[in-house]
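# Commentary on secondary and tertiary structure
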Amino acid sequence: MSVEQLTKDERKSWLDALSEWRLCRDDSAIERTFEFANFSEAFAFMTRVAMLAERKDHHPEWFNVYNKVEITLTTHDAGGLSLRDVKLARKIDKLLA
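What comes next concerns the included structure. Remember, predicted model here, so these are calculated numbers, not experimental data. (Residues numbered from 1 in each chain as written. Predicted model: local features only at pLDDT ≥ 70, side-chain atom pairs only at ≥ 80, totals over all residues. Heavy atoms only, no water.)

### Overview of a nonpolar patch on the surface
- Taken together, the side chains of F39, F43, F63, V65 and Y66 make up a nonpolar region of the molecular surface, amounting to roughly 540 Å² of accessible area.
- One can find F63 in strand 3 (residues 61–65).
- The exposure class assigned to F63 is partly exposed, which follows from its relative accessible area of 48%. (Patch = residues over 30% accessible without salt bridge, like charges linked within 9 Å, V, L, I, M, F, W, Y side chains within 5 Å. Areas by Shrake-Rupley, 256 points an atom, 1.4 Å probe, with all protein chains shown as cover. Salt bridge = Lys/Arg side-chain N within 4 Å of Asp/Glu carboxyl O. Helix = DSSP H or I, 4+ residues; strand = E, 2+ residues; numbered from the N terminus. Buried < 20%, exposed > 50% of the residue type's maximum accessible area, 1.4 Å probe, protein only.)

Right, here's the structure in full:
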């Protein structure tokens, strides 16, 4: 199954709906930084994201230091940002709701 990159207009539309995420890497990815009270909360969040990502077979790039988690989403098969990234970002956001 082929995965298509989002067009410029699609990227703008989706990013308007994902207000906490921002474009990066020449508009080929989105990223967000999450901050928690401590390392345990950050790690618990990463565990929930990992389980979600595994079910979706779409894995984030991430970085963690103490209470901060930085997540970057891009679709390597599409060569940039795709609907898979947007859907995963929305599900990640719902973990915090």
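More follows now that the structure is in view.
### What about helix 3 (residues 83–95)?
- The end-to-end C-alpha distance of helix 3 is 19 Å, a good match for the 18 Å that 13 residues give at a rise of 1.5 Å each.
- Of the residues making up helix 3, those classed as buried are D85, V86, L88, A89 and I92. Here the buried residues of helix 3 occupy an arc of 165° about the axis, which is enough to place them on one side. Summarising the geometry of helix 3, the exposed residues directed more than 90 degrees from the buried face are K87 and K94.
- Residues of helix 3 that are buried make contact with helix 1 (8–17), strand 2 (29–35), helix 2 (39–56) and strand 4 (68–73).
- Residue S82 occupies the N-cap position of helix 3, its side-chain oxygen lying 3.1 Å from the main-chain nitrogen of R84. (Expected span 1.5 Å × (residues − 1). Arc of directions from axis to C-beta. Contact = heavy atoms within 4.5 Å. Polar contact = N/O pair within 3.5 Å; in protein donor to acceptor, adjacent residues only side chain to side chain.)

### Brief notes about the packing of aromatic side chains
- The full count for this structure, using the stated rule, is four aromatic pairs.
- Centre to centre, the rings of W21 and F34 are 6.0 Å apart; their planes meet at 75°, and the pair counts as edge-to-face. Of this pair, W21 sits in the loop between helix 1 and strand 1 (22–24) while F34 sits in strand 2, placing them 13 residues apart in sequence.
- According to the relative accessible area criterion, W21 is buried, its value standing at 3%.
- Between F36 and F45 the ring centres are 4.9 Å apart and the planes differ by 40°, which places this aromatic pair in the tilted class.
- Judged by relative accessible area, which is 0%, F45 ranks as buried.
- One aromatic cluster is present, formed by W21, F34, F36 and F45 through successive ring pairs. (Phe/Tyr/Trp six-rings, centres within 6.5 Å; stacked < 30°, edge-to-face > 60°.)

### Things to note about the pairing of strand 4
- Here strand 2 runs beside strand 4; their pairing, made up of six bridges, is antiparallel. Of the residues in strand 4, the one forming a bridge with E35 is K68.
- The pairing of strand 3 with strand 4 spans five bridges and is antiparallel. What sits directly across from W62, in strand 4, is I71.
- Taken together, strand 3 and the strand that follows it, strand 4, pair antiparallel across an intervening segment of two residues, in which Y66 is found at a positive phi of about 45°. (Pairing = 2+ DSSP bridges.)

### Re the nonpolar core
- In terms of nonpolar packing, the biggest core is built from 20 residues, with W21, I71 and I92 touching the most fellow members.
- Mapped by element, the contributors of at least two residues to this core are strand 2, helix 2, strand 4 and helix 3.
- Among the elements that take part in this core, helix 2 stands out by supplying five residues, more than any other. (Core = buried A, V, L, I, M, F, W, Y, C linked by side-chain atoms within 4.5 Å.)

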